[in-house]
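Geometric and topological summary
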Amino acid sequence: MGLDRALCAVESALRTEAPDLQECLARLGRRRGIATARRAVDLASPLTESIGESWSRALMMQWPEIASPRLQHRFLDDRGRIVARTDFDWDGRLVGEFDGLMKYRGGAQSVIDEKLREDALRALGCHVVRWTWDDLRHPERLRRLLAAGMAIAFR
């Protein structure tokens, strides 16, 4: 498998009580695909919270024009209250959110809550971009979305 799938698998393992992955790799020796597995373990973050976030990260790593984002950053208002914890952000200016759509299962109130959260981020000066599974299946769309967001956030 490629690095994107390997990173998704490793980060999924990190979200469970997996054994020490470096130790597991050492026991595997010189098998086919071990170099990709080692690279995925080295690049993995325990901060991603879903396979969609992991896949997003794996794609971003392939694009030199997309800087490495900060993960799960908490944004505070002027009173020190948490406004949002975001999937990805770049210098507090661009926020990236992978929408797996599960968060909207609560119906209209879930949509309203998410809109208010995004409004609060905008009030802090953040530009917000969102993407879904379909964008991950068509990576060039995600690449264009992030590049356009960066152009707006960093002008």
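So, here is what we can say about the structure in this document. (Residues numbered from 1 in each chain as written. Predicted model: local features only at pLDDT ≥ 70, side-chain atom pairs only at ≥ 80, totals over all residues. Heavy atoms only, no water.)

1. Things to note about the pattern of salt bridges
For clarity, the cut-off: When a carboxyl oxygen of Asp or Glu is within 4 Å of a side-chain nitrogen of Lys or Arg, the pair counts as a salt bridge. Secondary structure follows DSSP: runs of H or I at least 4 residues long count as helices, runs of E at least 2 residues long count as strands, and numbering of each begins at the N terminus. Summary of the burial criterion: residues with accessible area below 20% of their type's maximum are buried, those above 50% are exposed, and those between are partly exposed, where the area comes from a 1.4 Å probe applied to protein chains only.
One pass over the structure, following the stated rule, counts 17 salt bridges. Residue arginine 117 is joined to glutamate 97 by a salt bridge in which the shortest nitrogen-to-oxygen separation is 3.4 Å. With arginine 117 in helix 5 (residues 108-123) and glutamate 97 in strand 3 (residues 94-98), the pair connects residues that are 20 residues apart, well separated along the chain. Each member of the pair, arginine 117 as well as glutamate 97, is classed as buried. Of the charged contacts in the structure, one is a salt bridge between glutamate 114 and arginine 117, with a shortest N-O distance of 2.8 Å.

2. Quick word on the side chain of serine 54
Inclusion rule: Whether two residues are in contact is decided by their heavy atoms, any of which lying within 4.5 Å being enough.
Mapped onto the elements of the fold, serine 54 is located in helix 4 (residues 51-61). Overall, the relative accessible area of 0% leaves serine 54 in the buried class. Excluding residues that lie within four positions of it along the chain, serine 54 makes contacts with Leu7, Cys8, Glu11, Arg15 and Thr48.

3. Considerations on the packing of helix 1 (residues 3-14) against helix 4
Condition: Lines are fitted to the C-alpha atoms to define the axes, a helix being fitted only along its stretch in contact, and any angle between axes, read from their N-to-C directions, falls within 0 to 180 degrees. Our angle categories are set so that under 35 degrees counts as roughly parallel, over 145 as roughly antiparallel, 65 to 115 as roughly perpendicular, and the remainder as oblique. By convention the crossing between two helices is left-handed if the near helix lies anticlockwise of the far one by an angle smaller than a right angle, and right-handed if it lies clockwise.
Look at helix 1 against helix 4: their axes get within 9 Å of each other, and the N-to-C directions meet at 140°. With respect to their mutual orientation, helix 1 and helix 4 come out oblique. For the element pair helix 1 and helix 4, the recorded crossing hand is right-handed. Residues Asp4, Leu7, Cys8, Glu11 and Ser12 of helix 1 touch helix 4, and the partners they reach there are Ile51, Ser54, Trp55, Arg57, Ala58 and Met61.

4. Observations concerning the sheet that holds strand 1 (residues 70-76)
Put simply, the rule reads: A pair of strands is treated as paired once DSSP finds two or more bridges between them.
Strand order in the open sheet formed by four strands is 1-2-3-4, and the pairing between neighbours is mixed. The two strands at the open ends of the sheet, each matched to only one other strand, are strand 1 and strand 4 (127-131). Between one strand and the next, the sheet's axes are offset by a mean angle of 45°, whatever the strand orientation. Both strand 1 and strand 2 (residues 82-90) contribute to a ladder of six bridges, which runs antiparallel. Bridge pairing in strand 2 places leucine 76 opposite isoleucine 82.

5. Some details on the side chain of serine 45
Quick note on the threshold: Each polar contact in these results corresponds to two N or O atoms within 3.5 Å; when the atoms are within protein, one needs to be able to donate a hydrogen and the other to accept it, and residues that are neighboring in sequence are counted only if both atoms are side-chain atoms.
Here serine 45 lies in the loop between helix 3 (34-43) and helix 4. At 3.0 Å, the side chain of serine 45 and the backbone nitrogen of leucine 47 are in polar contact. Contact partners of serine 45, with chain neighbours within four places excluded, come to Glu11, Leu14, Arg57 and Leu71.

Such coordinate-based values are descriptive only and should not be taken to indicate function.
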